[in-house]
Amino acid sequence: MNQTGSHPLILKHGLTEEYPFSQNYLTTSSGKIHFVDEGKGPVLLFVHGNPTWSFAWRNLIKRFSKNHRCIAIDHLGCGLSDKPQQEVYRLADHIERLQLLIETLDLEKITLIAHDWGGAIGTGAAGRMPQRFDRLVLMNTGAFRSQLIPFRIALCRIPLLGKIGMQGANLFAQAAVRMAVNEAYPLPEKIKKGYLLPYDSWKNRIAIDRFVKDIPLKPSHPSYPTLTEVEQNLTKLSDKPVLLPWGIKDWCFTPEFLKEFQRIFPEAQTVRFEKAGHYLFEERPQELGDAIEKFLGKTKNS
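Residues numbered from 1 in each chain as written. Predicted model: local features only at pLDDT ≥ 70, side-chain atom pairs only at ≥ 80, totals over all residues. Heavy atoms only, no water.

Q: Tell me about the pairing of strand 2 (residues 23–27), and please be specific about residues and values.
A: Along strand 2, four of the five residues are buried, which leaves the element largely enclosed by surrounding structure. Where strand 2 lies against strand 3 (residues 32–38), four bridges are found, and the strand directions are antiparallel. Along strand 3, the bridge assignment pairs Leu26 with Ile33. Linking strand 2 to strand 3, which pair antiparallel, is a turn of four residues; within it Gly31 sits at a positive phi near 150°. (Buried < 20%, exposed > 50% of the residue type's maximum accessible area, 1.4 Å probe, protein only. Helix = DSSP H or I, 4+ residues; strand = E, 2+ residues; numbered from the N terminus. Pairing = 2+ DSSP bridges.)

Structure, rendered in structure tokens:
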């Protein structure tokens, strides 16, 4: 592992105020993973989805790093991590690399904070090492098999057409900074730039394409057994406090996903944000932080 100052991309685009974090890297067999490691205290592990990166967690990290150790991974192919062109982007690969980070840093008593694909990846790791996790905060995400896939994402899975659109024209990431927010639309130009800056070429957008193609809808899909394992292992986490903050206007991870989590975790605390969309951390960062802080305070002795 190594640590350096602000990344050249952050400096070049004038984003150090928004993202004032040092670079940390973990070398894996597939490439280097970048992660944020800020503050000291109880561990908050932030796990992003597609097509975001640790930039999504910047406001929560700045808030909670005053009295917590905030770890935020950039999945391989995302953010400031390496972007190898090999086939190393299956759900199982992402889970194993997150496990490696947890083990290398020897993280214990973790509060998982996850969004979008980060829900399956984060709970995937937690289900394999439940003794290292204390709490779960799951927002607008999924960690179980489902046939609920929006038409606009299904279009991105069409062979060749989807690849050209996502890797060539960057349509998926470009659309996300517009369509993933509801009451916060439009995002400020600087924030949109922050989300898009790691994905500035065909090669650098490989993980965006692979994430969409890796949604396992059928048993024949290579990642279907992994998602099944993630779903089944949620029972190993049923004794842990769970917070479900949810943007109700999300067209991707709709309230139907929230209902399924409420069924799996009947004791979970739910905080509904009725007018927020998919990017809850952009729509309601203050209120989201308040909900997490209250949850942490109530469950600190659990």
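Q: Break down the pairing of strand 4 (residues 43–47) for me, citing the residues and quoting the values.
A: Burial runs high along strand 4: five of the five residues are buried. Burial along strand 4 is two-sided: the residues Val43, Leu45 and Val47 and Leu44 and Phe46 are all buried. Strand direction decides the pairing type here: strand 4 and strand 5 (residues 69–73), joined by five bridges, are parallel. By the bridge assignment, Val43 is partnered in strand 5 with Arg69. Handedness of the crossover is the feature at issue here: the chain leaves strand 4, passes through helix 2 (residues 58–64), returns alongside strand 5, and the resulting connection is right-handed. Pairing analysis gives four bridges linking strand 4 to strand 6 (residues 110–116), with the strands arranged parallel. By the bridge assignment, Leu45 is partnered in strand 6 with Leu112. (Right-handed = clockwise from strand over helix to strand, strands pointing away.)

Q: I'd like a description of the packing of aromatic side chains, backed by residues and values.
A: In this structure the tally under the stated criterion is 14 aromatic pairs. Between the aromatic rings of Tyr19 and Trp53, the centroid separation amounts to 5.1 Å while the plane-to-plane angle is 50°, which identifies the pairing as tilted. Within this pair, whereas Tyr19 is found in the loop between helix 1 (8–12) and strand 2, its partner Trp53 is found in the loop between strand 4 and helix 2, the two being separated by 34 residues in sequence. Residue Tyr19 shares its accessibility class with Trp53, and that shared class is buried. Aromatic ring contacts, followed pair by pair, group Tyr19, Phe21, Phe46, Trp53, Phe55, Trp57, Tyr195, Tyr279 and Phe281 into a single cluster. A cation over an aromatic ring shows up here: Lys32 above the ring of Tyr25, its NZ or CZ 4.9 Å from the ring centre. Taking NZ or CZ as reference, Arg58 lies 4.3 Å from the ring centre of Phe55, over its face. (Phe/Tyr/Trp six-rings, centres within 6.5 Å; stacked < 30°, edge-to-face > 60°. Lys NZ or Arg CZ within 6 Å of the ring centre and 35° of its normal.)

Q: How would you explain the packing of helix 3 (residues 91–105) against helix 4 (residues 117–128) if you had to name every residue and give the values?
A: Contact geometry for helix 3 and helix 4: axes closest at 9 Å, N-to-C directions at 55°. As judged from the angle between their axes, helix 3 and helix 4 are oblique. When you trace helix 3 past helix 4, the crossing you get is right-handed. Residues Leu91, His94, Ile95, Glu96, Leu98, Gln99 and Ile102 of helix 3 touch helix 4, and the partners they reach there are Trp117, Ala120, Ile121, Gly122, Gly124, Ala125 and Arg128. Looking at the contact of helix 3 with helix 4 residue by residue, the classes come out as eight nonpolar, four polar and two charged. (Axes fitted to C-alpha atoms, helices over the stretch in contact; angles between N-to-C directions. Parallel < 35°, antiparallel > 145°, perpendicular 65-115°, else oblique. Left-handed = near helix turned anticlockwise from the far one by under 90°. Contact = heavy atoms within 4.5 Å. Nonpolar A, V, L, I, M, F, W, Y, C, P; charged D, E, K, R; others polar.)

Q: Report on helix 3, specifying residues and quantitative values.
A: Over its 15 residues, helix 3 runs 21 Å from end to end, which matches the ideal 21 Å to within 8%, given 1.5 Å per residue. For helix 3, every residue scored as buried is listed here: Leu91, Ala92, His94, Ile95, Arg97, Leu98, Gln99, Leu101, Ile102 and Leu105. (Expected span 1.5 Å × (residues − 1).)

Q: Got a sec to walk through the nonpolar core? Specific residues and values, please.
A: Counting residues in each nonpolar core, the largest one holds 99 residues, and the members touching the most others are Phe46, Trp57, Ile102, Phe265 and Ile292. In terms of residue count, the dominant contributor to this core is helix 3 (six residues). The contact partners of Ile102, leaving out residues within four places of it in the chain, are Leu45, Leu107, Ile110, Ala125, Met129, Arg132 and Phe133. (Core = buried A, V, L, I, M, F, W, Y, C linked by side-chain atoms within 4.5 Å.)

Q: Give a description of the side chain of Asp250 that names residues and reports values.
A: Turning to its location among the elements, Asp250 is positioned in the loop between strand 8 (242–247) and helix 11 (255–264). One polar contact links the side chain of Asp250 to the main-chain amide nitrogen of Cys252, over a distance of 2.8 Å. Ignoring sequence-local partners within four residues, the contact set of Asp250 consists of Asn140, Pro255, Ala276, Gly277 and His278. (Polar contact = N/O pair within 3.5 Å; in protein donor to acceptor, adjacent residues only side chain to side chain.)

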